[in-house]
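# Remarks on the overall topology
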Amino acid sequence: FLSALASGSSNSTLRASGFNQLVISASWAEIEPNEGSYSASATTALQSQINAAISTGLQPVLDPGTQYAPSWIFTVGGGTQFIDQFGDVFSGSASSGNDVANAVTDMAVRAQLGHYITYLGSHLTGVTAVRVGGLAYGELRYPSGQSGSQANAYWFYDASSQATLPSSVQGWKPGTGKVAQATAFLAAYNAAMVNYGLWIEQTAASAFPSQTRLEIMLGGWGERPGDVTAAESGLLVDTPDNVNMALDWTDLLSQLADSSRIVAYSTYADATQGGSSNPDPAAYIHSILPAGMAEAGESTGNGQTTAAGLALMFQDARTWGWYSTTWNFTGQPQTPAQVDSAWL
C-alpha cells in the first residue's frame, strides 16, 4: 500500500494520485477530555473520517493519538512523568505530540492508556491498521537523551522506574561506580521498554478485530551490535541516542506474539546515511525481522525528507515487499507529479 500522512489534500485527489491508504489521527485529549469520560462527538467525528476514507477507496490507518495526552493523565498518581538523572521532568507542549506520561513503569498511567485503546477498539469500525507506540511522537521509545537541560539524559529516575531496578543500582547515575552497575541499569532500562512494547501490542491486539494490522512504531536508528557493550564500558557517558531511547528492537521483535499480524514499522525509512557496516533503520529492521512478520516505513517529513531519501524508501519497499509505504507530507511538497515520479 501507498499511504499518506498529513497530506492536506482531498481523499479523491490522493486516490487519483496513486494512494490507497490514509493515516487518520485521533487525539487522546479530545476523545477522553476527563478521566473515564469519553466524547461522543469526537468519536463520531473520527468515525466519519474513517468512513470518508473508505468511501473513496482509501484504507484507514488509525493513529490513536496517545502522544496528545490529556492533562488529567499527569495526576493519576505515582511517577506519571519521566525524570532524568539531572532531575529534569520531561514535558512538552500539549500540541507537540511529545507531551507524554510514563506508561513504561507507572502502572496507573498504563492502565488508563489501556482503557483508552480499548475504547477506540470497541467504538470504531473499518480500521485497516493501528499505529502502536504510545510514547513520544507515537513511537515506542523513551524521550531523546537530548531532551533535558543536559545531554545524555536517561529517563528512569522517577519513583516507579527506580523501583524496577536491582537494589544495587537504585540511585546509580551514569559516569559513576562500576561497569557492572552500568550493565545492570541498562539491562533494566531496556527490559522495561520491551515489557511496555509487549503490553501495548497485546492491548491493541485485544481491542481491535483480528484482521486489523498492528504497526509497531520504531523511531530512530535502533541499538546496533556493540552499542550496548560500548555504552556499558563507558559507564553510559556520551552514549548514542539510540541507547538513551532504549531502541532494543531485536529483543522486542523476537518476543512479539502473532507475527503474521504485526508490521515492524520504521519512522525513519528515508535515512540515507547508512552503509554496509551501519545500515539505515529500514535495512537494519529487515535484517532482524522475525519470520512471518511484515515490514513498513514512512518518511521523516518536517522538511527533512530529500528526493534521495524518498527514492531509497520506495526502493526498499519494492525490494522487500513491504506491507505499506507512508509518505509523511508534514512540511514537505505534495503534488501528484511528485508522487508519479517517485512512486508510480
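Whatever comes next refers back to the structure up there.
Cut-offs applied
- Residues numbered from 1 in each chain as written.
- Predicted model: local features only at pLDDT ≥ 70, side-chain atom pairs only at ≥ 80, totals over all residues.
- Heavy atoms only, no water.
- Helix = DSSP H or I, 4+ residues; strand = E, 2+ residues; numbered from the N terminus.
- Expected span 1.5 Å × (residues − 1).
- Buried < 20%, exposed > 50% of the residue type's maximum accessible area, 1.4 Å probe, protein only.
- Arc of directions from axis to C-beta.
- Contact = heavy atoms within 4.5 Å.
- Polar contact = N/O pair within 3.5 Å; in protein donor to acceptor, adjacent residues only side chain to side chain.
- 1 Å grid on protein atoms, 1.4 Å probe; cavity = no way out; pocket = protein on both sides within 12 Å on 5 of 7 lines; lining within 4 Å.
- Points joined across faces, edges and corners; volume = space filled by probe spheres on them.
- Nonpolar A, V, L, I, M, F, W, Y, C, P; charged D, E, K, R; others polar.
- Pairing = 2+ DSSP bridges.
- Axes fitted to C-alpha atoms, helices over the stretch in contact; angles between N-to-C directions.
- Core = buried A, V, L, I, M, F, W, Y, C linked by side-chain atoms within 4.5 Å.
- Phe/Tyr/Trp six-rings, centres within 6.5 Å; stacked < 30°, edge-to-face > 60°.
- Lys NZ or Arg CZ within 6 Å of the ring centre and 35° of its normal.
- Right-handed = clockwise from strand over helix to strand, strands pointing away.

## So, helix H3 (residues 40-55)
End to end, H3 covers 22 Å across 16 residues, agreeing with the expected 22 Å (1.5 Å per residue, within 8%). Within H3, burial applies to Ala42, Thr43, Leu46, Gln47, Ile50 and Ala53. Buried residues in H3, looked at end-on, bunch into an arc of 135°, giving them a common side. Turned more than 90 degrees away from the buried face of H3, the exposed residues are Ala40, Ser41 and Ser55. Contacts from the buried residues of H3 go to helix H1 (11-16), strand S2 (21-25), helix H2 (28-31), strand S3 (59-63) and helix H4 (107-123). One or two positions beyond H3, positive phi appears at Gly57, with a value near 85°.

## Some points on helix H10 (residues 281-288)
Looking at H10, one finds that the buried residues are Pro281, Ala282, Ala283, Tyr284 and Ile285. The elements touched by buried residues of H10 are strand S5 (213-218), helix H9 (249-255), strand S6 (262-266), strand S7 (294-298) and helix H11 (307-320). The N-cap of H10, judged by a side-chain oxygen 3.1 Å from the amide nitrogen of Ala282 a few residues on, is Asp280.

## Points about the layout of surface pockets
Here the largest pocket is characterised by a volume of approximately 850 Å³. For the largest pocket, the lining is made up of 35 residues, of which Tyr137, Glu139, Thr300, Asn302 and Asn328 are closest to its centre. Grouping the constituent residues of the lining of the largest pocket by class yields nine nonpolar, 20 polar and six charged.

## Structural notes on unusual backbone geometry
Phi at Tyr137 takes a positive value of approximately 55°, unusual for a residue other than glycine. Even without glycine at this site, Asp238 takes up a positive phi of about 55°. Here Asp238 is to be found in the loop between helix H7 (227-233) and helix H8 (241-244).

## A short note on the sheet that holds strand S1 (residues 2-5)
The eight strands lie next to each other as S1-S2-S3-S4-S5-S6-S7-S8, forming a closed barrel whose pairing is parallel. In this sheet, neighbouring strand axes are inclined to one another by 25° on average, regardless of whether the strands run parallel or antiparallel. Sitting on the sheet, helix H6 (residues 179-207) touches strand S4 (129-132), S5 and S6, and the angle it makes with S5 is about 155°.

## Examining the nonpolar core
Grouped together as the largest cluster of nonpolar side chains are 88 residues, with contacts concentrated most on Leu120, Tyr142, Phe185, Tyr189 and Tyr196. With 13 residues, the single largest contributor to this core is H6. Here Phe185 is in contact with Tyr154, Phe156, Tyr157, Leu165, Val169, Trp172 and Leu236, once residues within four sequence places are set aside. Counting ten residues, the second-largest nonpolar core is a separate cluster that includes Val23, Val61, Ala129 and Tyr265.

## Some thoughts on the packing of aromatic side chains
For the coordinates displayed, the defined rule picks out 21 aromatic pairs. Ring pairing ties together the aromatic residues Phe82, Tyr142, Tyr154, Phe156, Tyr157, Trp172, Phe185 and Tyr189, which thus form one cluster. Over the ring of Tyr284 we find Arg224; its NZ or CZ atom is 4.2 Å from the centre of that ring.

## Thoughts on the pairing of S6
In terms of burial, S6 is largely enclosed, as five of its five residues are buried. Residues Ile262, Ala264 and Ser266 point to one face of S6 and Val263 and Tyr265 to the other, with burial holding for every one of them. Summarising the sheet, S5 and S6 pair through five bridges and their orientation is parallel. Of the residues in S6, the one forming a bridge with Leu214 is Ile262. Taken together, S6, H10 and S7 constitute a β-α-β crossover, and its handedness is right-handed.

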